[in-house]
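# Summary of structural features
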Amino acid sequence: MNKPTREQQKVIDSQAREIKVSANAGSGKTFTIMQQIAQIVKTGNSRVDQLLVLTFTEASAKDMRKKLKEQLGDIVKPAELQAASIGTFHSFCSSIVRAWFTVAEVSPSFAVMDAVESTKIKAAIFEHVVLEHYAKIAKVVDLFTASSRKLDQLRKVVFEIQDFLDTREDRADWLKRQALTAYEPDINQNQAIQALINYYHHTAEKYRAYFLETGTPSPMLDSMVDLCNRILGAQTYADFGGLDLTFPAAKSGELKTQSDAFRKLREDFRDKLCRTIPETCQYPVAQITADINTERVIVEQLLLLVQVFDQAYQAKKAEAKKLDFSDLEKYALKVLGNPEALTSIRAQFKYIFVDEGQDTNPVQFKIINLLRGTDKFFCIVGDVKQSIYGFRACEPEIFESLTDEDGNLVPVLLLGKNFRSTDPILHFVNMVMKPLIPHYMEDHKFTEIGEPNPEAMQQAVVLEAAKTLPEQMELVYRHIVAEKNLAWQDIVVLSETSGHLLELQKYLSERGISAVIDRKTNALLEPEITLLNDFLFAAMNPTNELKRYLVLQYLFHFSNDDLARLRLGQMDDQLTVRLNQCDAIWQQYRQLGRSASAYEVLTQAATEFGMLEMPVVSAFLAAIRGVRDFDTVARYLYLIEHDLVKIEVNVGAYAQNAVKLMTIHNSKGLEFPMVILFNMSNPWSAQSNERSNVKVVYDKRLGVCVSSVDTENYVLKSPVLHLGIKKYQQEIEVKEKIRLLYVALTRAKKKMVIIGSDQGNRYAVQPNCMMHLINPLTMHVYEDGVELSPKLTTTTVKSKTKITTCPVVGHPDALVKQSVTALATSAEPFQDYVAPQLFADVGGKEFGTAFHRQVQYGDLPEPVAELVTGYTVYREIPFLYPQGQTIVQGIMDLLAVKDNEAIIVDYKTTRLPKDQLVAKYREQLRLYAQAVPNYQVRAYLYSTVHKALIEVKF
Amino acid sequence: MKVTVYRGENFVATNEFVLHKAAGQPLLQPTLVLVPDRFTLQAERLLLKDQPHLLNTRVVTFSMLYRLVADEINFNQPAVEVLDKTSAVLNLWTAIHKIQGQLTWFKTSAGHYDFAEKMFNTINQMRSSCVDFASLENQAQSAVAKKKYHDINLIYQAYCQIIAPRTDSSGMLDYLTAHAAQSKVVQDADIFVCGFTSLSPARLQVLGELCQAAKSVTIAASEDELCAQLSKYKPYRIEVDAFAPKTITMRNETERGEANLVIEKIVQLIADGVPPEDIVVLLTEFDTLAPVWQVVADKYRLPVNLDVGTKLSTLPEAKYLRDLLETLANDDAENTVAVLFNRCSGIDDDTVYALDNKIVASDLRARMVPEIKQLTATKNVVALCEQLQSLTTNEKLQNILEQIATECREQPFNLREFITLFWTLCSATKVSNIPQYVDRVLIAPVNDWVPSRVQYLFIANCTADNFPQPQADDDILQEVDLVGTQITPTPSLQRARNYRRAELLQTVATQQVILSGTHEDFTAVPYTPVVNFQWQKTDTKPITVGRALFFPENRVKPTMLESYYNCPYLNFVQNGLQLRPRALHSLDPNTVGSAIHAALQDYFVHFNVEQAIAIGKAALDFDYPPLTKNIEKEMRFIINRLAKTFQAGKFTLPTQVETTVQCQLPHDLVLSGRVDRIDWADLGNGARAFLVLDYKTGRVDHVARSIYLGDKLQLPIYSSALLNDNSHLAGAGYLPLKSGFATDQKTYSLNGFVNETYQELFPADLLGDDTAVLSPDVIHRLCAHARQLVDQAVARILAGDVTPQVVTKNHCEYCPLKGLCSQAQTNCRDEKIKGKKITYKIFEEGSHE
């Protein structure tokens, strides 16, 4: 793609001061921006350093720099290119906060905390905060601890809400007002209840439409439509409570006349609405109001807890002079709030570009707005269809509704054509997305991104169905094996959740395919790391028996029987010798562990046990080096034992020649020759179920809501508000899932395989998995007699056809013992630590120095002057000569030469008898004498104590 | 003309040329060789190459020259103390503190030590550029800059007042400019200057003075910048052999892999006869990567010399003092543990282990080290410093503490600030280490290494983000941002310096320059790391001492058998080897369970709620109101609801609690366990029916399935043990005391099985959804099956079979062994029985599958 297309050229040539580019996946977004920048620079409209380009990831910032260099390398000096402000949001914020630290009121040398550090700080203060404010927050604590007897859930919720608040520009206001929206006591005004009613209405409406579409006219159909109408007729909560939704029993034979789809819909309708509505709306209005009032107190307590916790956390951070990522944004906003700073910062830039505009949160957006003002050239690029970070409080609406200073929408330019994928794949994407988007996202239209080419499509896109997970895994395996044209690293398996990737990895590697999971995991849970840590635990504290035995077994290869004998004290000689060997190794590490950092000790242990080259180990070591909390081993062990730290590494990122397994979220922005979408029928309800234990739901619009529980009597109460918010969020979730699907479908360049079970249901009122979104819609595209859409192949796979050879590359000599080598003996000035004591006074030394200066520049002591009369005298004369492999270096106090004779005198202030002086310094003078070649040397000591010259013979 | 400038193209060779001249000086002719810091040893070695005996030739740096001159001129006064950077910054910090009120621009954060360090760097930079402080303010263009220079000037003035009569490194240069010409040492000497790529204006002034005063001055210049600076002297162009090293690149995915690659190559070179001294490896991220390289070199048995400038902060002693202070400030257990384990603590091993175990088990914080206790009383910084000083034998540490004590005498004391200050100083202070060059490959930090002639030069981590890429444009050097908003050199200036250095480095090798890196944008030798590593699985050979290990007293506990069916290996670890994870200070489910059990046992004997709760609370032995108050409430709730549950039914009284049940097993073993509660009902004619009840504070479901699989054996075993002609089993079950929230006012319900003959004896609502009503025959078979499982388990344990087998997939996640046995998800029992619904039908149909 060397020349811009017409679409792209239009963006590049755009003369508008502010533009918004809506760019489809793979449409050459970065290329276009870079072209645009190149044009601006080439035409002299701006210097490179007057450009501000903001991105969301380090990777894309790096990529942009590289591309800019390619574009402008010829005409712009590298130094200038370096000066261009291309970076992530966070790095930009960090730079302005650092430059304007006085305005931000932070320390000029603040450090940015990583997630590990902030979690640790948060965890450490949480218990204190809860205890301190317990009297004021008892109800909310009770709610969370009543069934679990732990603070974990409460902690999680508080952290989550606090994180959420960090993305709000209006946090104080949100806490005060918006957060309590759900607790409006007038239930006719209550938005959470309204959300539930809306949900019932939406759903009933859909059922009604589907009934009419699939049903054969009959009394049965009429009664179904009537039920829907009744639901649609109810307007208030009280109306719903009074509804008669008795489900009409089918008369004999009546159902047979209806289609399968209708029968299925009828059952769903009964379960989803006719049974649920009376359950949720049975409570009298007075009870709901009473519940609202009691629960409101709990929410208020929760918000209070969030607030006091937040204050404590902020104080702790300020004390440690640390900022976290959200602080960077917060303080940047503060800096930009200062007119002088704002003017100065804005003066640096003429053009502002923002990439991935759909991923901005309100705080970031405010920053952007302050920067662009009303006079900068501003270009924001994004794709609402790829906004999948709702859970991180990103708001695609911000991008959509971007307005200029007069409140008019910023003009949109479109980059529609996708260059990434082949047409057949694009055709499939169109087929799926075109009906989906208007169906679930009423306010959007889908613009096609490629040409139709249905025949080729069947080669490039394969839909496969298998019921169970092992069968699906087998399908993945077969597709990888069948692919002859691509290398393993060209194939990526995407799954919506990371849950089953581990199993898939195992399944594939058992069959000889190297597969790595490309995602961040907590290294501390990996067995390799567990073992290394256990080794360290056992080394540092041998009374920690569990660790000791485990290490004996897994690192030192003690058998079960050996361990049993060890426990029973029935050890034979051989066992005793082996145990002693292990103890000796531990002993060494204990010594090391008491002075070195965790990184150093673990690196050494990993080498000793042949684990250094394992990707997880090397990634882990890279992650812990230089971490201040791990600079002593004991502290490190304490933190991991108490589960206070998490060390995230991405092992998969290092691997080559392996199939990559990753989540769809992680694949955003990437492209691969072949993509296998795996486990696409994984129900979303699984995630919702996981959250059913969650006692709090919150929403930016509807606020915070606790599940309704009477903690005094351990009884559940009316769940209306909770349900309302949940249903509201579910509807939003489907939209996000559609966007996620779009991202998933647009990753493949050449080939795409979609694997799931064939539970597609064209009339899914509430889609439950990705397959629900894909399947029904692909089945009904070309209806004029020709079935052109991909055939849904149902494959029955015999699972567990084990291949016995296991070509997984292991370490043939792994875990073999090697001697421990001292890490840095030369750098260890602390080898022999003795108990602390104060030094004696050093008066003698000072006197010596003073005397030397005197004799260097002043008069010589009389006996010395006498001795060297007639000689040429040199004082304080330096010398150097090599002896063996060392260089001998020194300074002689006095050297006197005449012809081939030389006299050396050294002054001594030591209080020693003469003979002892000679004995002590003979070697020194011998070395001096060697420094004077080709002379007959006589050597003397001059003692200031004895005031006499003493000749020294060698 | 006594000034000679030799100009050659190659930096290294030009310097060597001048050093060769210096080595040719007659013996005893006063000679000074002026070199940059860190070049002294290198220069001495080169001099000795040409001249085996050097007498009266001094290799000096600017600061050594200062010492010579100052000592000579003021020999009868005490020597002027030269502050090292640490002390200078400390003084600047004090100065800023003093005049903080007068500052206009640097207001808020001016008190911070790290601010002082940045300020010091700025001032130092300005001084070495010979910037006139007084005129700065006048020249400033904007109001902002005016204010800033006003402040900087104020700070500088205050600093000068504080340090007088001492001096610092910039002061030293000023002194040399003023006095060097008066020194006889200088006047008599032939001076040779080499190793410099450029000179700051202040150093250039000193050099100018030397040229005026000394007997002769000879300067080596190859770098364009230095040549430009020396342009007033006429240069001699010299021909020196220009090295034309080949440059090759290599790459590996990981940093360790990169080290492996490089070290392998070095080993090969040495095998081919290259002397190790002629190979140098430079790391761009030395501090963090040096240990890795050391380890890898050790692996290949390659003798290397790490040119470590160890920081004081990495010494155990410094860490010890820091952790001690942190413990005082924070009261955090992690710091206390770190203090205990530090070898400077002087506490013997056994005590350390004991305390460590105690810290894990209890919430004991910061109270056990005598030193800590002693120090807690300290309220003033001077006293604190003195006490800390007495804890260390490290001179540098003592020095730092002494400085802090001196400088802080008048400062308000803040422990936090003190720790920061102490630690910053420790981190900034290097522990000197003179490297041995002989017969070893040198691994050095790229920025500190003195460019000298080597055959092979490896530059590692080239693709790291901070790697100095060569760059054509030199103008960038001028870009010191003194008027902008920053007070430190701009990053681009830093980068520019790196570029120049990178360029220089690539010309010093005679044979080859080898660049290595990890990132993709570097020409690559691909490397595939091992994926999917698994170590060997647990040894599956039977253990021969099963009986002694598991049944030392010939007693068999039913719970142990249940745990055996759960996972034989975990059972081996927990019940055979008796290994448990260390108890953390938290409210674990077991403790809560025992406490609630205790309360219930007491209640059903005395029927006194308050007393029962008191007993339960005592059993808890934990005090954290947000949790414990709630548990107290829960106990009350459970007791009340249980009482209510049993009020209606017949099985309420008499209640037999904590009953031991025993039965004989083969191999002379006795099975013996305790039942929480047995309820009896009179059937008339001396016959009685009984109900076996076990309280559960956690979840229980699928009792039937669990009995079938062996996870739950107690109920059928106890039931059959109690059966005889006059006592009939009415039912057995668990009473889950807590299963989340009830959906209405439901009472507790039994989870187990009931004999249909005696069904009417049960209160109607005592039977939970998961309770099966079974015929006596089925119950008989159920018990027999359980008994069979018991015998099987005992036999397998005696045979020493402890092969791991897990029950469910997420089982290993909660296992204390964390999947170490490597069995996770392979021998999963769940997998095998998936889809098979095990109900009592199995027994009814006689299927013992």
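First things first, this report covers the structure right here in the doc.

Scoring rules and cut-offs
- Numbering of residues starts from 1 in every chain and runs along the sequence as written.
- A letter from A marks each chain and a number from 1 marks each ligand, given out in the order of writing.
- Since the coordinates come from a predicted model, pLDDT governs what is reported: local features require at least 70, and pairs of side-chain atoms require 80 or more to be given and counted, while whole-chain, interface and lining totals use all residues.
- Hydrogens and waters are ignored; side-chain quantities use all the structure's heavy atoms.
- Starting at the N terminus, helices and strands are each numbered in turn, a helix being any DSSP run of H or I of at least four residues and a strand any DSSP run of E of at least two.
- The classification of residues rests on relative accessible area computed with a 1.4 Å probe and restricted to protein chains. Under 20% of the type maximum is buried, over 50% is exposed, and intermediate values are partly exposed.
- Only the protein chains shown count as cover for residues, and the accessible areas themselves come from Shrake-Rupley with a 1.4 Å probe.
- This count recognises Lys and Arg as positive and Asp and Glu as negative, with His and chain-terminal groups excluded.
- Salt-bridge detection follows one rule: a side-chain nitrogen of Lys or Arg within 4 Å of a carboxyl oxygen of Asp or Glu.
- Each polar contact in these results corresponds to two N or O atoms within 3.5 Å; when the atoms are within protein, one needs to be able to donate a hydrogen and the other to accept it, and residues that are neighboring in sequence are counted only if both atoms are side-chain atoms.
- Contacts between residues were defined by any pair of non-hydrogen atoms, one from each residue, lying within 4.5 Å.
- Between 30 and 60 degrees the pair is tilted, below 30 it is stacked and above 60 it is edge-to-face, where a pair is any two Phe, Tyr or Trp rings, Trp via its six-membered ring, whose centres lie within 6.5 Å.
- Only buried Ala, Val, Leu, Ile, Met, Phe, Trp, Tyr and Cys residues count toward a nonpolar core, and they belong to the same one when joined by side-chain atoms within 4.5 Å.
- One bridge is not enough; two strands pair if DSSP finds at least two bridges between them.
- Between N-to-C directions, angles cover 0 to 180 degrees, with each direction set by a line fitted to C-alpha atoms, over the stretch in contact for helices.
- Oblique is the label for any angle not covered by the other classes, which are roughly parallel (under 35 degrees), roughly antiparallel (over 145) and roughly perpendicular (65 to 115).
- The handedness criterion is simple: a crossing whose near helix is rotated anticlockwise from the far helix by less than a right angle is left-handed, and one whose near helix is rotated clockwise is right-handed.
- Gly is put with the polar residues, along with every residue not named as nonpolar or charged; the nonpolar set is Ala, Val, Leu, Ile, Met, Phe, Trp, Tyr, Cys and Pro, and the charged set is Asp, Glu, Lys and Arg.
- A helix is expected to span 1.5 Å multiplied by its residue count minus one.

Our next topic: the overall build of chain A. Along the backbone of chain A there are 38 helices and 26 strands. Counting only residues that meet the buried cut, chain A has 55% of its 954 residues in that class.

What follows concerns the overall build of chain B. For chain B, the helix and strand inventory stands at 33 helices and 20 strands. A burial count over chain B gives 57% of its 849 residues as buried. Carbon and sulfur atoms make up 49% of the accessible area of chain B, which totals about 35,400 Å².

What follows is about the side chain of Lys376(A). Residue and element names in this part refer to chain A. Tracing the backbone shows Lys-376 in the loop between helix H19 (362–372) and strand E7 (377–382). For the buried residue Lys-376, which engages in no salt bridge, the nearest side chain bearing the opposite charge is Asp-375, 4.3 Å off. There is a polar contact of 3.0 Å between the side chain of Lys-376 and the backbone oxygen of Arg-346. Every residue in contact with Lys-376, bar those within four places of it in the chain, is listed here: Arg-17, Glu-18, Arg-346, Phe-349, Lys-350, Ile-352 and Leu-371.

The next thing to look at is helix H15 (residues 333–341) of chain B. Summarising burial for H15(B): 9 of the 9 residues are buried, a large majority. Buried within H15(B) are the following residues: Ala333(B), Glu334(B), Asn335(B), Thr336(B), Val337(B), Ala338(B), Val339(B), Leu340(B) and Phe341(B).

What follows deals with the packing of aromatic side chains. All names here are of chain A. Scanning the model with the defined rule gives 40 aromatic pairs over all chains in all. Ring geometry for Phe-535 against Phe-556: centres 6.4 Å apart, planes inclined by 55°, an arrangement best described as tilted. Of this pair, Phe-535 sits in helix H25 (residues 527–540) while Phe-556 sits in the loop between helix H26 (545–554) and helix H27 (560–568), and the two are 21 residues apart along the sequence. Each of the two residues, Phe-535 as well as Phe-556, counts as buried. Consider the rings of Phe-879 and Tyr-928, whose centres lie 5.5 Å apart with planes at 75°: the pair is edge-to-face.

Next up on the list: unusual backbone geometry. Excluding glycine, residues mostly have negative phi values, and the peptide bonds linking residues are mostly trans. Residue and element names in this part refer to chain B. With an omega of 0°, the peptide bond running from Ala-164 to Pro-165 counts as cis. By secondary structure assignment, the location of Pro-165 is in the loop between helix H7 (143–163) and helix H8 (169–179). Despite not being glycine, Asn-554 has its phi angle at roughly 60°, a positive value. Note that Asn-554 resides in the loop between helix H22 (546–550) and strand E14 (555–556). The phi dihedral of His-667 is positive, around 60°, even though this residue is not glycine. Here His-667 shows up in the loop between strand E15 (655–665) and strand E16 (669–684).

Attention shifts here to the pattern of salt bridges. Evaluated as defined, the whole model comprises 65 salt bridges over all chains. Measuring nitrogen to oxygen at the nearest pair gives 3.2 Å for the salt bridge that ties Asp562(A) to Arg578(A). Here Asp562(A) is found in helix H27, whereas its partner Arg578(A) is found in helix H28 (residues 573–593), with 16 residues between them in sequence. Since its relative accessible area comes to 15%, Asp562(A) is described here as buried. Arg578(A) gets classed as partly exposed once you look at its relative accessible area, which sits at 23%. With a shortest N-O distance of 3.9 Å, Glu334(B) and Arg635(A) are connected by a salt bridge. Of this pair, Glu334(B) sits in helix H15 while Arg635(A) sits in helix H31 (residues 633–641), each in a different chain. Assigned by exposure class, Glu334(B) and Arg635(A) land together as buried.

Membership of the largest hydrophobic core comes to 127 residues, with the highest contact counts inside it found for Phe535(A), Phe556(A), Phe620(A), Tyr636(A), Trp293(B) and Phe572(B). Of all the elements, H25(A) adds the most residues to this core, at 9 residues. One finds Val141(A), Leu227(A), Val696(A) and Val609(B) within the second-largest nonpolar core, a separate group that totals 122 residues.

Here we take up the sheet that holds strand E3 (residues 85–88) of chain A. All names here are of chain A. As summarised here, the arrangement of the 6 strands in space is E3-E2-E6-E7-E1-E8, forming an open sheet in which the pairing is parallel. Pairing within the sheet leaves two strands with one partner each, and these edge strands are E3 and strand E8 (412–415). Each strand axis lies, on average, 15° off the axis of its neighbour in the sheet, ignoring direction. Contacting strand E2 (51–55) and E3, helix H3 (residues 58–72) crosses the sheet at an angle of about 155° to E3. Set on the sheet, helix H5 (residues 89–99) makes contact with E2 and E3; between it and E3 the angle comes to about 115°.

This next bit is on the environment of Asp327(A). All names here are of chain A. Summarising the element assignment, Asp-327 is placed in helix H17 (residues 325–336). Along the chain, Asp-327 and Asp-166 lie 161 residues apart, while their C-alpha atoms are 8.0 Å from each other. Excluding residues within four positions of it along the chain, Asp-327 makes contact with Gln-314, Lys-317, Lys-322 and Ala-332. Within the local environment of Asp-327, its side chain forms a polar contact with the side chain of Lys-317, the two groups lying 2.5 Å apart.

Attention now moves to the packing of H25(A) against H31(A). Packed helix pairs are characterised by how far apart their axes lie and by the angle those axes make with each other. All names here are of chain A. Contact geometry of H25 with H31 gives a least axis separation of 11 Å together with a crossing angle of 120°. With respect to each other, H25 and H31 are oriented oblique. For the pair H25 and H31, the crossing hand works out as left-handed. Of H31, the residues touching H25 (which contributes Asn-533, Leu-536, Phe-537 and Met-540) are Val-633, Tyr-636, Leu-637, Ile-640 and Glu-641. Along the lines of polarity and charge, the residues of the contact of H25 with H31 split into 7 nonpolar, 1 polar and 1 charged.

Take helix H20 (residues 415–428) of chain B next. Along its 14 residues, H20(B) runs 20 Å from first to last C-alpha, staying within 8% of the 20 Å computed at 1.5 Å per residue. Listed as buried for H20(B) are Phe418(B), Ile419(B), Leu421(B), Phe422(B), Trp423(B), Leu425(B) and Cys426(B).

With that settled, consider the side chain of Ser94(A). Within the element layout of this structure, Ser94(A) appears in helix H5. Non-local contacts of Ser94(A), meaning those with residues more than four positions away in its chain, are made with Phe110(A) and Leu328(A).

All right, on to the packing of H25(A) against helix H29 (residues 598–608) of chain A then. All names here are of chain A. Closest axis-to-axis distance for the H25/H29 pair is 10 Å, and the angle between their directions is 110°. Judged by the inter-axis angle, H25 sits roughly perpendicular to H29. Crossing angle aside, the handedness with which H25 passes H29 is right-handed. Between H25, through Leu-532, Asn-533, Phe-535 and Leu-536, and H29, the contact on the second element is made entirely by Val-601, Leu-602, Ala-605 and Ala-606. Here the residues of the contact of H25 with H29 are counted per class, giving 7 nonpolar, 1 polar and no charged.

Function-wise, these values are silent; they only describe arrangement.
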